[in-house]
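# Observations on the three-dimensional arrangement
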Amino acid sequence: TQLLEQSPQFLSIQEGENLTVYCNSSSVFSSLQWYRQEPGEGPVLLVTVVTGGEVKKLKRLTFQFGDARKDSSLHITAAQPGDTGLYLCAGKSGTYKYIFGTGTRLKVLA
Amino acid sequence: DSGVTQTPKHLITATGQRVTLRCSPRSGDLSVYWYQQSLDQGLQFLIQYYNGEERAKGNILERFSAQQFPDLHSELNLSSLELGDSALYFCASSVAPQQETQYFGPGTRLLVL
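Our focus in this paragraph is a nonpolar patch on the surface. Residues Ile12(B), Leu111(B) and Leu113(B) make up a contiguous nonpolar surface patch of about 310 Å² in total accessible area. By the element assignment, Leu111(B) lies in strand β11 (residues 108-112).

This is the structure in structure tokens:
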């Protein structure tokens, strides 16, 4: 069974701090995605990384795909209250299926 | 607003009952995915359809079934409901099954009492 473990599970930080969320697996994925989900809503895609070692930036968010395509990280610089939410990574398994990570619940305090 | 609609938004029912959840994909999307999100299991992929045909199956119980109709809307049928089926059920859609970007609907919150 393919699993994607995320750490930390919960994170509460002050506005302006930096943080990193990790997504790890023993399996290789052809691509990996990061989503943010807010209460009462469905997940919203933030980024897709495809190549091992790939780094993508989305404003204050930096995403990296591990060289072996088994892990990924999400780094947020100068976190803001609007970054609060559940962050999910998802690895593409086979052609059509996505395996979602266990999730990291982030709260940024003003 | 992702463009994916799901009904109903909330559903309360009793054990042993059967319910149907409905999903309309974004205009132009041919592929529909169903997911279950619970506190202890996270977001689990259930099943995927493309243009009316089943394309991939995940952790879907035998008591659950789904289909995609010619107008591309999809229904997820849950029968012989158990307390543990209480969860958020999400539908997502994409243009094609291998398309990287899935758009998620707002979900249906199911409570089985």
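Having put the structure on the table, let's press on.
Residues and elements named next belong to chain B. For Thr13, the location among the structural elements is in strand β2 (residues 10-13). Judged by relative accessible area, which is 15%, Thr13 ranks as buried. The contact partners of Thr13, leaving out residues within four places of it in the chain, are Val19, Leu81, Leu110, Leu111, Val112 and Leu113.

If you look at the biggest cluster of nonpolar residues, it comprises 22 residues, and the most contacted ones within it are Leu19(A), Leu32(A), Trp34(A), Phe63(A), Leu74(A), Ile76(A) and Leu106(A). Contributing elements (two or more residues each) for this core: β3 (19-24), β4 (32-37), β5 (44-49), β7 (61-65), β8 (71-76), β9 (85-93) and β11 (104-109) of chain A. Contact partners of Leu74(A), with chain neighbours within four places excluded, come to Leu19(A), Thr20(A), Val21(A), Trp34(A), Leu61(A), Thr62(A), Phe63(A) and Tyr87(A). Counting residues in hydrophobic clusters, the runner-up holds 20 residues, among them Leu21(B), Leu76(B), Tyr89(B) and Leu110(B).

Residue and element names in this part refer to chain B. Under the definition given, this model contains six salt bridges over all chains. Across the pair Arg26 and Asp29 runs a salt bridge, and its minimum N-O distance is 2.9 Å. Overall, Arg26 belongs to the partly exposed group, its relative accessible area being 22%. Linking Asp85 and Arg63 is a salt bridge whose minimum nitrogen-to-oxygen distance equals 2.8 Å. One end of the pair, Asp85, is in the loop between β8 (74-78) and β9 (87-94); the other, Arg63, is in the loop between β6 (53-57) and β7 (64-68), and 22 residues separate them in sequence. Here Asp85 matches Arg63 in class, with each residue buried.

Scanning the entire structure with this criterion turns up two disulfides over all chains. Residue pairing for Cys23(A): its cysteine sulfur links by disulfide to Cys89(A), the two sulfurs lying 2.1 Å apart. For the disulfide bridge between Cys23(A) and Cys89(A), the dihedral angle about the S-S bond is near 80°, and by the sign convention the bridge is right-handed. In this pair, Cys23(A) sits in strand β3 while Cys89(A) sits in strand β9, placing the two residues 66 residues apart along the sequence. Two residues share a disulfide in this structure: Cys23(B) and Cys91(B), whose sulfurs sit 1.8 Å from each other. Its torsion about the S-S bond being -50°, the disulfide of Cys23(B) and Cys91(B) is classed as left-handed. Of this pair, Cys23(B) sits in strand β3 (residues 19-24) while Cys91(B) sits in strand β9; the two residues are 68 residues apart in sequence, bridging distant segments of the chain. The exposure classification of Cys23(B) matches that of Cys91(B), with both residues buried.

For the rest of this paragraph, the subject is the sheet that holds strand β1 (residues 5-7) of chain A. Residue and element names in this part refer to chain A. Read across the open sheet, the five strands follow the order β1-β3-β8-β7-β6; overall the sheet is antiparallel. Each edge of the sheet is formed by a strand with only one pairing partner; in this case those strands are β1 and β6 (55-58). This sheet shows a mean twist of 15° between the axes of neighbouring strands, independent of strand direction. Looking at chain direction, β3 and β8 are connected through six bridges and run antiparallel. Residue pairing for β8: Tyr22 is matched across the bridge by Ser73.

The next point concerns the interface of chain B and chain A. Tallying the contact residues gives 21 residues for chain B and 18 residues for chain A. The contact between chain B and chain A buries some 1500 Å² in all, and 53% of this surface belongs to carbon and sulfur atoms. The largest share of the area that chain B buries against chain A comes from Leu43(B), Glu100(B) and Phe104(B), three residues that together contribute 34% of it. The interface formed by chain B and chain A holds zero salt bridges in total. Here chain B and chain A share one residue pair in polar contact (both at pLDDT 80 or more) between them.

What counts and what doesn't
- Residues numbered from 1 in each chain as written.
- Chains lettered and ligands numbered in written order.
- Predicted model: local features only at pLDDT ≥ 70, side-chain atom pairs only at ≥ 80, totals over all residues.
- Heavy atoms only, no water.
- Patch = residues over 30% accessible without salt bridge, like charges linked within 9 Å, V, L, I, M, F, W, Y side chains within 5 Å.
- Areas by Shrake-Rupley, 256 points an atom, 1.4 Å probe, with all protein chains shown as cover.
- Salt bridge = Lys/Arg side-chain N within 4 Å of Asp/Glu carboxyl O.
- Helix = DSSP H or I, 4+ residues; strand = E, 2+ residues; numbered from the N terminus.
- Buried < 20%, exposed > 50% of the residue type's maximum accessible area, 1.4 Å probe, protein only.
- Contact = heavy atoms within 4.5 Å.
- Core = buried A, V, L, I, M, F, W, Y, C linked by side-chain atoms within 4.5 Å.
- Disulfide = S-S within 2.5 Å.
- Pairing = 2+ DSSP bridges.
- Axes fitted to C-alpha atoms, helices over the stretch in contact; angles between N-to-C directions.
- Buried area = accessible area lost by both parts, 1.4 Å probe.
- Polar contact = N/O pair within 3.5 Å; in protein donor to acceptor, adjacent residues only side chain to side chain.

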